[in-house]
Structures are given as structure tokens and as C-alpha cells.
Amino acid sequence: MRSIFFKEGVLFALDSSRLPHKEVWLRLRSARQVASAIREMRIRGAPLIGVAAAYGLALDALKYRGNDANRLRDRVLKTSEYLRSVRPTGRNLSWAIDRCLKAIEKEDTVNGVKKRLLEEAEKIADEDVETNLKIANNGLEIIMDGDRILTHCNTGGLGTVEYGTALGIIRVAWEKGRKIFVIATETRPLLQGARLTAWELKKYGIPFKLICDSMAGYVMSKGMIDKVLVGADRILATGHVANKIGTLTLSILAKHYGIPFYVAAPLSTFDLTTKPEEIPIEERSQKEVTHFLGKLITVKDVEAMNPAFDITPPELVSGIITEKGIIRRPYSENIPKFYQQQF
Ligand code: MRU
């Protein structure tokens with residue numbers, strides 16, 4: 001089942017913030033509504049954010065009632081700048097927006113711009129599903145029978161259009177008969193692991209246990225984990241991986257205990273120009289840390305930090321699984337080479 005689809009002028013998206021207790025479908029009719037859904041993390045996960053933004057641009061264009069294609073393009077450009085800023089760390093958002101803007105460069109009629117934007121959004125959504133299945137099949141190479149896999153955040157069908165990246169590999173491995181066991185981290189502060197990954201694993205019938213983030217060192221030290229498999233929001237040419245806060249800790253622990261640490265992501269997550277120190281790390285509301293399920297859990301007026309992502313250095317990453325194959329070290333040589341070969 002797709003977590004996002006467009007029907008008769010409305011963008012339907014499964015509201016991640018209401019899961020696992022309620023399956024609520026958002027009905028989005030404007031780019032602003034799409035932007036709010038992304039900001040509030042009703043729509044989340046780097047690939048899904050990219051797809052939603054593409055549909056957001058199409059919705060924006062469809063609302064235009066004039067007959068000047070240049071004006072419409074200017075309007076779409078302005079909206080795209082706004083959408084880009086909503087969640088800055090994930091590369092897929094800008095990647096999808098750039099693709100949509102390029103698609104309408106040569107359109108000189110209002111209807112042409114509208115049609116092309118919707119077509120491009122549909123194409124990006126369809127490709128996301130195909131890409132994830134390819135990532136999943138390539139990932140089978142590293143999944144052994146009996147593997148106990150630790151995963152972080154949610155990288156499944158709820159963070160993509162369907163299947164997912166790291167969780168997509170886990171799902172397909174299970175469907176192909178690999179006897180695996182998953183340890184899912186809860187992923188504070190917003191509990192994507194406890195709420196979303198657990199929801200997906202249960203639905204697919206994959207055996208798993210949930211742990212608090214702080215238990216990762218203990219389970220690794222006890223030999224309970226064979227592999228760590230996570231997703232990514234941005235991967236640099238150097239092999240630096242920006243992903244959900246807590247990923248860096250897991251990679252350091254994995255290195256300490258000699259556990260392979262794999263990242264799964266589509267090529268649309270790669271950013272070959274930004275330097276590690278330039279990655280924009282989204283800082284979210286302090287309330288997400290000081291409150292739990294809407295309730296204050298600390299003393300009043302406490303200041304909190306809330307960086308939503310961290311950066312894992314390349315020396316801690318055993319391999320990066322993409323739709324075109326697995327990239328191995330040395331990344332600063334192999335990522336640009338790999339990328340050039342594909343385009
Ligand atoms: O803040 P989120 O929930 O959008 O963060 C999601 C992640 O960090 C995922 O690992 C990443 O986006 C890949 S989702 C397929």
C-alpha cells in the first residue's frame with residue numbers, strides 16, 4: 001500500500017504523527033498544506049518528503065487561474081524556495097524540487113506547466129517504489145539467515161512511497177525466507193521506531209523487539225546484534241552520512257563491538273558538492289524534548305537541545321546500499337566514480 005497518492009486534485013498522505021493508534025489520511029489541497037504536513041512530521045522520511053514536495057508544486061500550479069506561463073513559473077519557483085526550507089537536512093527534498101523545476105523549463109503554456117508538474121511528481125513517486133525494490137534486492141547480499149539486525153528510526157513504507165530503504169531490505173529479506181530478527185530503537189524524541197517501525201514490522205509479521213535508544217550499547221555488548229542497518233537523509237561524496245539523531249552513537253558502538261554498520265539509501269539522497277561541516281542540521285522545537293506525549297517531563301523553563309540529525313563519519317560505515325549496488329570504502333574515491341558511472 002502506498003503511503004501517498006494523488007487523486008482528483010487532492011494529495012492523500014497517511015499521517016505518520018497519528019500512528020500507531022490511528023490511521024488517518026491527510027487530504028492536502030495546497031502547497032502550504034503540504035509544507036505544514038512536512039514541518040509537523042505528518043509526512044516524514046527523506047524520500048517521502050521529496051515526493052510530497054513534488055506534488056506540492058503541482059498543487060500550487062493547479063491553483064493558478066491566470067494565462068501567463070512565465071508568471072506561473074515564477075509562482076512555482078517562489079513556492080519551491082519556501083518548500084525547500086521546511087526541512088533542510090534531507091537531500092531528497094531539494095533533489096525532487098530541482099527535478100520538477102527542470103521539467104517545466106521549456107513549457108510555454110499554463111496547461112503545459114500544470115501537466116508536466118503533475119506528471120513529474122507521479123514519475124518521482126513511481127520511481128521511488130521501483131528504486132526501493134532495487135535497494136532491497138541489492139541489500140539481500142548482506143543479510144544472512146539468522147541475522148539479528150538493529151535498525152533506527154523508521155525507514156520503511158512510511159518514510160517512502162512504498163517498501164522503504166533499510167526497512168525495505170529487512171522486509172524483502174523476510175519475504176524471501178531469510179530467518180531474521182529485528183531490534184528496533186524507539187528513536188527519541190519523536191519515537192519513529194516505537195510508533196512507526198514497530199507498526200510496520202508487526203504488519204509484515206517480522207519478529208522483533210523494541211528497545212530504548214540507551215539500551216543499544218548493552219544489547220551489542222551481549223552479542224545480541226549481528227548487523228546495524230539504517231537509512232540516510234544526506235550522503236556526501238566523502239561518505240559522511242547525515243541521518244536521524246542517534247545514528248552516530250550507534251555507529252560508534254558498532255565499531256567498538258566489531259558489528260558491521262550498513263546504510264541504505266537511493267542515489268537521490270547523495271549530495272556530491274556539500275562539505276561535512278556545511279550540512280544543514282535541522283534544529284527542532286525544544287518542546288519535543290521537554291515534553292512526552294504532550295506532557296512536560298522536566299522542570300519548567302528548562303532549555304533543551306533538539307538537533308534532528310547527526311553525521312556519521314565514513315570510517316564507521318561498512319557499506320552503502322543503493323539501487324545500483326553496494327558502495328564500499330574508500331568512499332571519497334568510490335562514491336564519485338560510482339555516481340559518474342550511473343549518469
Ligand atoms: O525526522 P525523520 O523521521 O524524517 O527522519 C527520518 C530518517 O532519518 C530516515 O532514516 C531517513 O529519512 C530515511 S527514510 C527512508
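Nothing here was measured: the structure is a model prediction, and the numbers come from that model. (Residues numbered from 1 in each chain as written. Predicted model: local features only at pLDDT ≥ 70, side-chain atom pairs only at ≥ 80, totals over all residues. Heavy atoms only, no water.)

**Student:** What is the right way to look at the sheet that holds strand β14 (residues 309-312) in this model?
**Tutor:** Strand pairing in a sheet relies on backbone hydrogen bonds, with the paired strands running either antiparallel or parallel. Pairing is mixed across the open sheet formed by four strands, whose spatial order is β11-β8-β9-β14. Two strands lie at the open edges of the sheet, namely β11 (270-271) and β14, each paired on one side alone. Relative to β14, strand β9 (residues 241-244) is paired through four bridges, and the arrangement is antiparallel. Residue pairing in the sheet places V241 in a bridge with T312 of β14. (Pairing = 2+ DSSP bridges. Helix = DSSP H or I, 4+ residues; strand = E, 2+ residues; numbered from the N terminus.)

**Student:** Whenever I open this one, the pairing of strand β1 (residues 4-7) confuses me. Can you help?
**Tutor:** Residues in a regular strand point their side chains to alternate faces of the sheet. Burial along β1 is one-sided: the face carrying I4 and F6 is buried and the face carrying F5 and K7 is not. The sheet contact formed by β1 and strand β2 (residues 10-14) spans four bridges and is antiparallel. Bridge pairing in β2 links I4 to A13. Connecting β1 to the antiparallel partner β2 that follows it, the hairpin turn spans two residues, and E8 within it adopts a positive phi of roughly 45°. (Buried < 20%, exposed > 50% of the residue type's maximum accessible area, 1.4 Å probe, protein only.)

**Student:** What should I look at first to understand the packing of helix α2 (residues 46-63) against helix α5 (residues 110-139) in this one?
**Tutor:** Between α2 and α5, whose axes approach to 8 Å, the crossing angle comes to 165°. When the interaxial angle is binned, α2 and α5 end up roughly antiparallel. Handedness of the crossing formed by α2 with α5: left-handed. From α2, P47, V51, A54, Y55, L57, A58, A61 and L62 reach across to α5, where they touch K114, L117, L118, A121, E122, I124, A125 and D128. Across the contact of α2 with α5, the residue classes tally to 13 nonpolar, no polar and three charged. (Axes fitted to C-alpha atoms, helices over the stretch in contact; angles between N-to-C directions. Parallel < 35°, antiparallel > 145°, perpendicular 65-115°, else oblique. Left-handed = near helix turned anticlockwise from the far one by under 90°. Contact = heavy atoms within 4.5 Å. Nonpolar A, V, L, I, M, F, W, Y, C, P; charged D, E, K, R; others polar.)

**Student:** Is there a simple way to explain the packing of aromatic side chains in this structure?
**Tutor:** Think of a pair of aromatic rings as described by two things: how far the centres are apart, and how the planes are tilted against each other in angle. Summed over all chains, the structure comprises four aromatic pairs. Seen from their ring centres, F5 and W25 are 5.5 Å apart, and the 55° between their planes marks the pair as tilted. One end of the pair, F5, is in strand β1; the other, W25, is in strand β3 (residues 25-28), with 20 residues separating them in the sequence. Residue F5 is classed as partly exposed on the basis of its relative accessible area of 32%. Following the ring pairs from residue to residue traces out a cluster consisting of F5, F12 and W25. Cation over ring: R32 sits above Y82, and NZ or CZ is 4.5 Å from the ring centre. (Phe/Tyr/Trp six-rings, centres within 6.5 Å; stacked < 30°, edge-to-face > 60°. Lys NZ or Arg CZ within 6 Å of the ring centre and 35° of its normal.)

**Student:** Even after reading the chapter, I still don't get the layout of surface pockets, so can you show me in this structure?
**Tutor:** Empty space among the atoms can be located by rolling a probe the size of a water molecule over them. Estimates place the volume of the largest pocket at around 560 Å³. Together, 22 residues line the largest pocket, and P189, L190, E288, L293 and G294 are the ones closest to its centre. The residue makeup of the lining of the largest pocket, split by class, is eight nonpolar, six polar and eight charged. Each of domain 1 (4-133) and domain 2 (135-342) contributes no fewer than three residues to the lining of the largest pocket. Taken as a whole, the second largest pocket encloses approximately 390 Å³ of empty space. Along its surface, the second largest pocket is lined by 21 residues, and W95, E127, T131, S268 and E323 are the ones closest to its centre. Elements represented by at least two residues in the lining of the second largest pocket include exactly α2, α4 (91-103), α5 and α11 (331-342). Ranked by the residues each element gives to the lining of the second largest pocket, the list is headed by α5, at six residues. (1 Å grid on protein atoms, 1.4 Å probe; cavity = no way out; pocket = protein on both sides within 12 Å on 5 of 7 lines; lining within 4 Å. Points joined across faces, edges and corners; volume = space filled by probe spheres on them. Domains from an automatic or database assignment.)

**Student:** Just to check I follow, could you spell out the sheet that holds β2 for this structure?
**Tutor:** The strand order across the open sheet built from three strands is β1-β2-β3, with neighbouring strands paired in antiparallel fashion. Strand pairing shows two members of the sheet lacking a second neighbour, β1 and β3, which therefore form its edges. Neighbour-to-neighbour, the strand axes of the sheet open up by a mean angle of 25°, direction not taken into account. With four bridges connecting them, β2 and β3 associate as antiparallel partners. Residue pairing across strands places F12 opposite R27, the latter belonging to β3. Each of β1, β2 and β3 is contacted by α2, which is oriented at about 15° to β1, the strand it contacts most.

**Student:** Mind showing me how you'd approach the site of the ligand here?
**Tutor:** Every one of the 19 residues lining the ligand counts as a neighbour, but R44, R87, D233, N243 and K244 are closest to it. In this structure, R44 approaches the ligand through a side-chain N or O atom, which is 2.8 Å from an oxygen atom. When isolated, the ligand has an accessible area of 410 Å², and the protein chains bury 100% of it. When contributions to the shell around the ligand are tallied by element, the ones reaching two or more residues are α2 and β9. In terms of residue class, the shell around the ligand is made up of six nonpolar, nine polar and four charged. When residues are assigned to domains, the shell around the ligand turns out to be shared by domain 1 (4-133) and domain 2 (135-342), each giving three or more. (Near = heavy atom within 4 Å. Polar contact = N/O pair within 3.5 Å; in protein donor to acceptor, adjacent residues only side chain to side chain. Areas by Shrake-Rupley, 256 points an atom, 1.4 Å probe, with all protein chains shown as cover.)

**Student:** Just checking my understanding: could you explain the environment of F292 for this structure?
**Tutor:** One can find F292 in strand β12 (residues 291-292). For the pair F292 and L190, spaced 102 residues apart in the sequence, the C-alpha separation amounts to 8.6 Å. Sequence-distant contacts of F292, defined by excluding residues within four places in its chain, comprise R188, L191 and I297.

**Student:** Sorry if this is basic, but what is going on with the nonpolar core here?
**Tutor:** One broad rule of soluble globular proteins: the nonpolar side chains tend to lie buried together. Residues I43, L117, I170, L229 and I321 are the most contacted members of the largest nonpolar core, which totals 65 residues. A total of eleven residues in this core trace back to one element, the largest contributor, which is α2. The two domains that each donate at least three residues to this core are domain 1 (4-133) and domain 2 (135-342). In contact with L117, other than residues within four places in its own chain, are L57, A58, A61, V76, C100 and I104. Core analysis: the second largest hydrophobic core is formed by 26 residues, I183, I225, A232 and A254 among them. (Core = buried A, V, L, I, M, F, W, Y, C linked by side-chain atoms within 4.5 Å.)

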